[in-house]
Each structure stands twice: as structure tokens, then as C-alpha cells.
Amino acid sequence: MLLFQKRFYAAIAAGTKTTTVRRWRRRQVRPGSVHTVPWLGRLAIESVEPVELADLSAEDAAADGFESLSALRAVLAELYAPDAPGRWYRVRFRYLGPRAEG
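This structure is a prediction, so every number in the text was calculated from the model and none was measured. (Residues numbered from 1 in each chain as written. Predicted model: local features only at pLDDT ≥ 70, side-chain atom pairs only at ≥ 80, totals over all residues. Heavy atoms only, no water.)

**A short note on the environment of Thr 19**
Then, in step 1: Here Thr 19 is to be found in strand E1 (residues 19-24).
Then, in step 2: The class for Thr 19 is buried, based on a relative accessible area of 3%.
Then, in step 3: Each C-alpha atom, one on Thr 19 and one on Asp 64, is 4.8 Å from the other, the two residues being 45 residues apart in sequence.
Then, in step 4: What Thr 19 contacts, discounting residues up to four positions off in sequence, is Asp 60, Ala 63, Asp 64, Arg 90, Val 91, Arg 92 and Phe 93.
Then, in step 5: A polar atom in the side chain of Thr 19 sits 3.4 Å from the backbone nitrogen of Asp 64. (Helix = DSSP H or I, 4+ residues; strand = E, 2+ residues; numbered from the N terminus. Buried < 20%, exposed > 50% of the residue type's maximum accessible area, 1.4 Å probe, protein only. Contact = heavy atoms within 4.5 Å. Polar contact = N/O pair within 3.5 Å; in protein donor to acceptor, adjacent residues only side chain to side chain.)

In C-alpha cells, the structure reads:
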């Protein structure tokens, strides 16, 4: 399951946020899977890659919906404790639209 804070919903729906950086003990989603995010819709997972924070670039920040690499790093510091266990992953996804009712 892949969850997001509501503050990111508009960027995901608009297609300006197509990646997310997560810290997990083990990979939580797989390429090719489709996940429903409550109140947002469905996402198709395109890739999941281990990444080092030091290797993130301005292009990574833009794909994640941020204006700068420093803004991305600030949000990651807000969301994750510095000593949190696990490794970092870059998850690339495609918004498929609202969940079909029925």
C-alpha cells in the first residue's frame, strides 16, 4: 500500500508529482502493481529503486513535485527521523485517475 499526505494530492492528480522517496525496511510496492490511495485514486507503480539521499538531484526533486532539492530534503527530514531504520527508495508512479465506483 502506498499512502500520501493530503497536501500532495493535487500535484499527483495534476501529474506534477510522479515520484516519491520513501524509507522502508524492505520494499513495500512492486513495479507493475496498482494501488488505490484513499480520497485520491489509483496509481500504477512503474519502478522502485534503492537510492542514497546524497545522490538525489534537482531533477528528482522536480519529479517529486518540489521546486528545489532543498525543499525535498526538508520534507524528508520532517517525515522521517534521522535514525529511522531502513533504506531509501525512489518510487516512480503514474496517476490513473479516481477509483472507479461500482
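**Comments concerning the nonpolar core**
Then, in step 1: Formed by 25 residues in total, the largest nonpolar core has its most connected members in Leu 2 and Phe 4.
Then, in step 2: Going through the elements one at a time, helix H1 (9-14), E1, strand E3 (41-50), helix H3 (69-79) and strand E4 (87-97) are the ones with two or more residues in this core.
Then, in step 3: Per-element tally for this core: the top contributor is E4, with 4 residues.
Then, in step 4: The residues contacting Phe 4, other than those within four sequence positions of it, are Tyr 9, Ile 12, Lys 17, Thr 20, Arg 22, Val 37, Leu 43 and Phe 93. (Core = buried A, V, L, I, M, F, W, Y, C linked by side-chain atoms within 4.5 Å.)

**Some words on the packing of aromatic side chains**
Then, in step 1: Tallied over the full model, the rule gives 4 aromatic pairs.
Then, in step 2: Here Trp 24 and Tyr 89 contribute two aromatic rings whose centre-to-centre distance is 5.7 Å and whose plane-to-plane angle is 35 degrees, an arrangement assigned as tilted. Of this pair, Trp 24 sits in strand E1 while Tyr 89 sits in strand E4; the two residues are 65 residues apart in sequence, bridging distant segments of the chain. Tyr 89 carries the same exposure label as Trp 24, and that label is buried. (Phe/Tyr/Trp six-rings, centres within 6.5 Å; stacked < 30°, edge-to-face > 60°.)

**Quick word on the side chain of Thr 20**
Then, in step 1: Checked against the element boundaries, Thr 20 lands in strand E1.
Then, in step 2: Of the residues examined, Thr 20 reaches a relative accessible area of 5% and is grouped as buried.
Then, in step 3: At a separation of 2.9 Å, a polar atom in the side chain of Thr 20 contacts the side chain of Arg 22.
Then, in step 4: Excluding residues that lie within four positions of it along the chain, Thr 20 makes contacts with Phe 4, Asp 64, Tyr 89, Arg 90, Val 91 and Phe 93.

**Comments concerning unusual backbone geometry**
Then, in step 1: Phi is positive for Trp 39, which is not a glycine, with a value near 70 degrees.
Then, in step 2: Structurally, the position occupied by Trp 39 is in the loop between strand E2 (34-37) and E3.

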